[in-house]
Every structure is written in C-alpha cells, then in structure tokens.
Amino acid sequence: MGGFITNLSGWLWSMPMLYLCLGIGLFFTLATRVLQLRLIKEMIVLMFKGKSSEAGVSSFQALSLALSGRVGTGNIAGIATAIALGGPGSVFWIWLIAFIGAATAFVESALGQVYKVKQGGQYRGGPAYYIEKGIGWRWYGVIFAIASILAMSLLMPGIQSNSISAGLENAFGIKPVISGIGIVIVLAIIILGGVKRIVNVAQYVVPFMALGYIFVSLIIVVLNIQELPNVIALIFKSAFGLDSAFGAIVGMAITWGIKRGIYSNEAGQGTGPHAAAAAEVSHPAKQGLVQAFSIYVDTLLVCSATAFAILFTGTYSTQAPSGEYIVNNMPGVEVGPAYTQAAIETNFPGFGAGFVAISLLFFAFTTIMAYYYIAETNLVYLLKGKDNKWLSFLLKLVLLAATFYGSIKTASLAWALGDIGLGVMVWLNMIALLILAKTALKVFKDYERQRKQGIDPVFDPRALDIKNADYWVDEYEYIEESPKKAKVN
C-alpha cells in the first residue's frame, strides 16, 4: 500500500505538472503585465479596506483565513524537506513559483469572487462554483468538490498534525498520542463554532505568530550576516547546477522546489478562492489582489525565514536519488521540523526547539481549521445550499479522525498522502483556470480601467458580458437603486 501511495504521488507530481504550474503562472504574469510588482502598494492598501457583514468577512479577515491555510507546516517542515531532497537550490525554485504564483493566486481568487453565491446567509465560492457557473460543467465541479473534500478532510490534515506532534515530542518529550488528543479537542471546539469562529481565531493567531517567527529568523540572519553572500550564492548556483556538490541533483531541486513551493503558498491549488469568496468587497479584483499579496507573506517572508535559518547554520542533510548523502550534517535525524529546531537552537540554546514547536502548533493548527472551512464549502456546493446536519457532522468527525491519525503515523506516509490530495486539486483547478483565463483578464482590465478614471471600482458583470455572476447582478442593481444606502468597500 505504501508503495502504491508513493508511486501515485510521484505520477501526480511528474514533469507535466511542473510545466503546467510554471507555464500558467508565467502566462498570467505576462497577461496582467506583472501585477505582482506593479500593484504591490495597491495590495497593501486594499488589505485594510472593506468591512465585514452578516454574510461576509472583511478583506483582512479573508486574508487571515487564506493565510491560515497557506502558512502551515509547509513553511517549516516543507522547506526542510525541499532542502533535504533537492538541496539549497530548491529554495530558488520556491521563490520563483511564489513570484509567478502570485498572478495565479490573483486569477483564481478573483474568479472565486465573481461566481460566489449567498447560501445559508453566508458567501460561498471556490473552484467548484466557478467551474459550474463559468464553464457550465456541473459534473466537473462535482469532481473538484469531491476531490477537495477528500483532500481537505482526509488526506492533508495528517501532514499538519504529524508535524505538530513531531515538534512537541522533540522539544518537550510529549508523546504523539497525547498531542493528537489535545489537538482534536481544541479543534473540535473551534470548528463546531462555525465559520465566524474560525475567522476570528485566524485573524489574531496567524499575523502574531508569523511576525514572531520572522523576527526570530531575522535575528539569526543578523547574527550570521557574514554568511549571507555565501548562502545566496549557494542557492543560485545549486538551482542551476553550477555548484560542484549539488550540481548533479538540479532536477531534484526544481521538482522539490516547485512541489513544496505550491504546497506552502497554495497558488493554483484552488484553496485560496474559498477564503477570497467570503470577503465583502465591491469588485472581485480587490480581493484577488489581497490574496496575491498573501503569497508574498507566506513564501518570501515565512518560507525564506526557515530556509535562511537552516542554511546559515548548516543544520541539514541532502540525499541524492541514489541514496548517498551529498551533505550529512544531521545524521540520524528525521527530515522535517527537527532541522528548523536545530537551526534556531544553534543560535538560541534552550529556546529553538520549543519556539519552533510552538510556532508549528499555531501554524499547522490554523491550517487544519482552514481545511475544514474549505471542505465544508465544497459539501455545501454538493448539497446545493441545503442544510444537512448529519453530513456536516460526519465531515467534522472524518477531519478530526484524520488529524489524530496523522499525529501518530510516520512523516513519510503523511507527506505522500498529502501530496496526492494536493496534486489532484492542482490538476483539476489549473485546467479550469486555463479555460476561464479570458473571464479573469476581463475582470482585471475592468478594475484597472475604473481605477484610472479615479473611481472606486464597482463590478457589473453585464457590462463585461460575463454570464451567471448572479450575486453581482443583484448587488449592482441594488447600488444603482439605493446609492445612499449601499456601502461600497
């Protein structure tokens, strides 16, 4: 069974997948004239605009919900895995996929807003919705929804809980079974409270922990500043096969850099649009830009913090596909959070292991919360908005069980299962994004046109000949009829 899972994961993440992710990201980067650079200021301004409503959340809350999914074990254990299997060069490819992935994140998040609906008094949206309403393929939307539910509730929570339990055991000697029980109890309390409780937890926990983690990593950079030129040179040389030690595994650097980069920032995976659709904004492009900025927070800040900490201190081992070690600075240490813990421990003895364990606890825990929200949204899609308490309760039980199981199983199996869930979602979503590229670019051009005219953009899908954006048709008519009452965010 383990061999089948590993082979399936390898097939899903073969070279066609890597070409697809890079190609689509590059296409959207060029088609939007590199919005990642041109509109950074706009992204930051929009992040703090917009207010929550009874049906939706603010732009910042939606960003926090998305970041709770993006900033997780991939930022700590995932980066360590990439360096262990792809060498330092994998860090460059993580950066690259983040940069071009920001354009992909904009597109999928804007589409999530365009085709969102109001169900059960809450905004809902995501790939399943824009596949059905934008392309007209209900069957394809159903496939994505089922794949998402399986990935988010069954296959991927185990990666997060496994890293939590591994970090706590390494730092404090807490047995994985104890960690698993604790995680499940607290998680149950939060997800039983619904979307609003998830968002409220995320908006406070995620920014606080991310800033704390980045701050500690910056101190490590300052303490080892003399090594900065050498580390940067090592990353770039290894990425292009120019380093004598890591040149032989340049292919692995690309593969693991892109794989772990996508796992960390989730651009193109189809998870971000679920959070983006929940935001209360006047134009889909606004939340698309906010979600594009979340890629920078996740990868260029948090992931880079981990990579630099590990490479500055040399607390890593890199293994070639043949099984031989190119570098073996961590003999007998399992690949994962232990590398990052050792890196921080090198500079802060007695502090590093515990700090990383606590960081992982918060990062990974909020990610599991986001997974539940995404799984629930896709269940609502399959039920066409109808309330089914039994199925919703069953979904919670499955996610809680997978979370506990992941905390006590081996890390390699946890990552393989997670890669399968992620790979299926990426394939399905990327194909949909290609088909809907014209619609997304219409939305982006409409936003820029209105901004150039000096007005706060308001979205009218009829003016752009975009069909089935029913929520926005009703909203625009309301704004036209009641301009004094309508609040444009």
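Model, not experiment: these values are computed from the prediction.

Thresholds applied
- Residues numbered from 1 in each chain as written.
- Predicted model: local features only at pLDDT ≥ 70, side-chain atom pairs only at ≥ 80, totals over all residues.
- Heavy atoms only, no water.
- Helix = DSSP H or I, 4+ residues; strand = E, 2+ residues; numbered from the N terminus.
- Contact = heavy atoms within 4.5 Å.
- Buried < 20%, exposed > 50% of the residue type's maximum accessible area, 1.4 Å probe, protein only.
- Arc of directions from axis to C-beta.
- Axes fitted to C-alpha atoms, helices over the stretch in contact; angles between N-to-C directions.
- Parallel < 35°, antiparallel > 145°, perpendicular 65-115°, else oblique.
- Left-handed = near helix turned anticlockwise from the far one by under 90°.
- Nonpolar A, V, L, I, M, F, W, Y, C, P; charged D, E, K, R; others polar.
- Phe/Tyr/Trp six-rings, centres within 6.5 Å; stacked < 30°, edge-to-face > 60°.
- Lys NZ or Arg CZ within 6 Å of the ring centre and 35° of its normal.
- Patch = residues over 30% accessible without salt bridge, like charges linked within 9 Å, V, L, I, M, F, W, Y side chains within 5 Å.
- Areas by Shrake-Rupley, 256 points an atom, 1.4 Å probe, with all protein chains shown as cover.
- Salt bridge = Lys/Arg side-chain N within 4 Å of Asp/Glu carboxyl O.
- Polar contact = N/O pair within 3.5 Å; in protein donor to acceptor, adjacent residues only side chain to side chain.
- pLDDT = per-residue confidence, 0-100.
- Expected span 1.5 Å × (residues − 1).

## Some details on unusual backbone geometry
What is expected of a backbone is that most residues other than glycine have negative phi and most peptide bonds are trans.
Part 1: Its identity as a non-glycine residue notwithstanding, Arg 33 has a phi of 55°, on the positive side.
Part 2: Inspection of the secondary structure assignment puts Arg 33 in the loop between helix 2 (15–31) and helix 3 (35–38).

## Comments concerning the side chain of Ser 165
Part 1: Checked against the element boundaries, Ser 165 lands in helix 10 (residues 157–172).
Part 2: Those residues in contact with Ser 165 that sit more than four places away from it in its chain are Pro 176, Ser 179 and Ser 407.

## Re helix 4 (residues 40–47)
Part 1: For helix 4, the set of buried residues is Glu 42, Met 43, Leu 46 and Met 47. In an axial view of helix 4, the angular spread of the buried residues amounts to 135°, which keeps them on one side of the axis.

## Brief notes about the packing of helix 10 against helix 18 (residues 352–382)
To describe two helices that pack against each other, one gives the angle between their axes and the distance between the axes.
Part 1: Here helix 10 crosses helix 18 at 160°, and the two axes come no closer than 8 Å. In terms of their interaxial angle, helix 10 and helix 18 are classed as roughly antiparallel. Our pair here, helix 10 against helix 18, has a crossing hand that is left-handed. Between helix 10 and helix 18, the contacting residues are Pro 157, Gln 160, Ser 161, Ser 163, Ile 164, Gly 167, Leu 168, Ala 171 and Phe 172 on the first element and Ala 353, Gly 354, Ala 357, Ile 358, Leu 360, Leu 361, Ala 364, Phe 365, Thr 367, Ile 368 and Tyr 371 on the second.
Part 2: Here the contact of helix 10 with helix 18 is built from residues that sort into 14 nonpolar, 6 polar and no charged.

## Side note on the packing of aromatic side chains
Part 1: The full count for this structure, using the stated rule, is 21 aromatic pairs.
Part 2: Where Tyr 129 meets Tyr 381, the ring centres are 5.1 Å apart and the plane angle is 70°; that geometry is what we call edge-to-face. Separated by 252 residues along the polypeptide, Tyr 129 in helix 8 (residues 127–135) and Tyr 381 in helix 18 bring together distant segments of the chain.
Part 3: By relative accessible area, Tyr 129 is classed as buried at 4%.
Part 4: Ring centres of Phe 459 and Trp 472 lie 5.4 Å apart, and the angle between their planes is 85°; this geometry places the pair in the edge-to-face category. Within this pair, whereas Phe 459 is found in the loop between helix 21 (437–452) and helix 22 (470–481), its partner Trp 472 is found in helix 22, the two being separated by 13 residues in sequence. A single burial state applies to Phe 459 and to Trp 472, both of which are buried.
Part 5: The structure contains a cluster of three or more aromatic residues connected by ring pairs, namely Phe 92, Trp 93, Trp 95, Phe 236, Phe 240, Phe 308 and Phe 312.
Part 6: We note Lys 116 situated over the ring of Tyr 123; from NZ or CZ to the ring centre the distance is 4.0 Å.
Part 7: Sitting above the plane of the Tyr 381 ring, Arg 138 keeps its charged end 4.5 Å from the centroid.

## Description of a nonpolar patch on the surface
Part 1: On the surface, a cluster of nonpolar side chains totalling about 1,000 Å² of accessible area is made up of Phe 172, Ile 174, Val 177, Ile 178, Ile 181, Ile 185, Val 186, Ile 189, Ile 358, Phe 362, Tyr 405 and Ile 408.
Part 2: Sorting the residues of the nonpolar patch by element identifies helix 11 (176–191), helix 18 and helix 19 (389–408) as the ones contributing at least two each.
Part 3: At 6 residues, the largest contribution of residues to the nonpolar patch is made by helix 11.
Part 4: Position of Ile 408 among the secondary structure elements: in helix 19.
Part 5: For Ile 408, a relative accessible area of 44% puts it in the partly exposed group.

## With respect to the pattern of salt bridges
Part 1: The final tally for this structure, using the stated rule, is 10 salt bridges.
Part 2: Of the charged contacts in the structure, one is a salt bridge between Asp 465 and Lys 467, with a shortest N-O distance of 3.2 Å.
Part 3: Three or more residues joined by partner-sharing salt bridges are found here, namely Arg 33, Arg 38 and Glu 448.

## Examining the environment of Asn 162
Part 1: Within the secondary structure, Asn 162 is located in helix 10.
Part 2: For Asn 162, a relative accessible area of 6% corresponds to the buried category.
Part 3: Along the chain, Asn 162 and Ser 392 lie 230 residues apart, while their C-alpha atoms are 24 Å from each other.
Part 4: From its side chain, Asn 162 meets the backbone oxygen of Gly 406 in a polar contact 3.1 Å long.

## Section: the confidence of the model for the protein chain
Part 1: Residues at a pLDDT of 70 or more form 90% of the protein chain, whose mean pLDDT is 85.
Part 2: The low-confidence segment residues 484–489 (pLDDT under 50) makes 14 contacts with residues lying over four places distant or belonging to another chain.

## Examining helix 2
Part 1: Taking 1.5 Å per residue as the helical rise, helix 2 with its 17 residues ought to reach 24 Å, and the 24 Å between its terminal C-alpha atoms agrees with that figure.
Part 2: Along helix 2, the residues classified as buried are Met 17, Leu 18, Leu 20, Cys 21, Ile 24, Gly 25, Phe 28 and Thr 29. Viewed end-on, helix 2 has its buried residues packed into an arc of 165°, placing them on one side of the element. Facing away from the buried side of helix 2 by over 90 degrees, the exposed positions are Tyr 19 and Leu 30.
Part 3: Note on helix 2: the residue one or two positions beyond its end, Arg 33, has a positive phi of about 55°.

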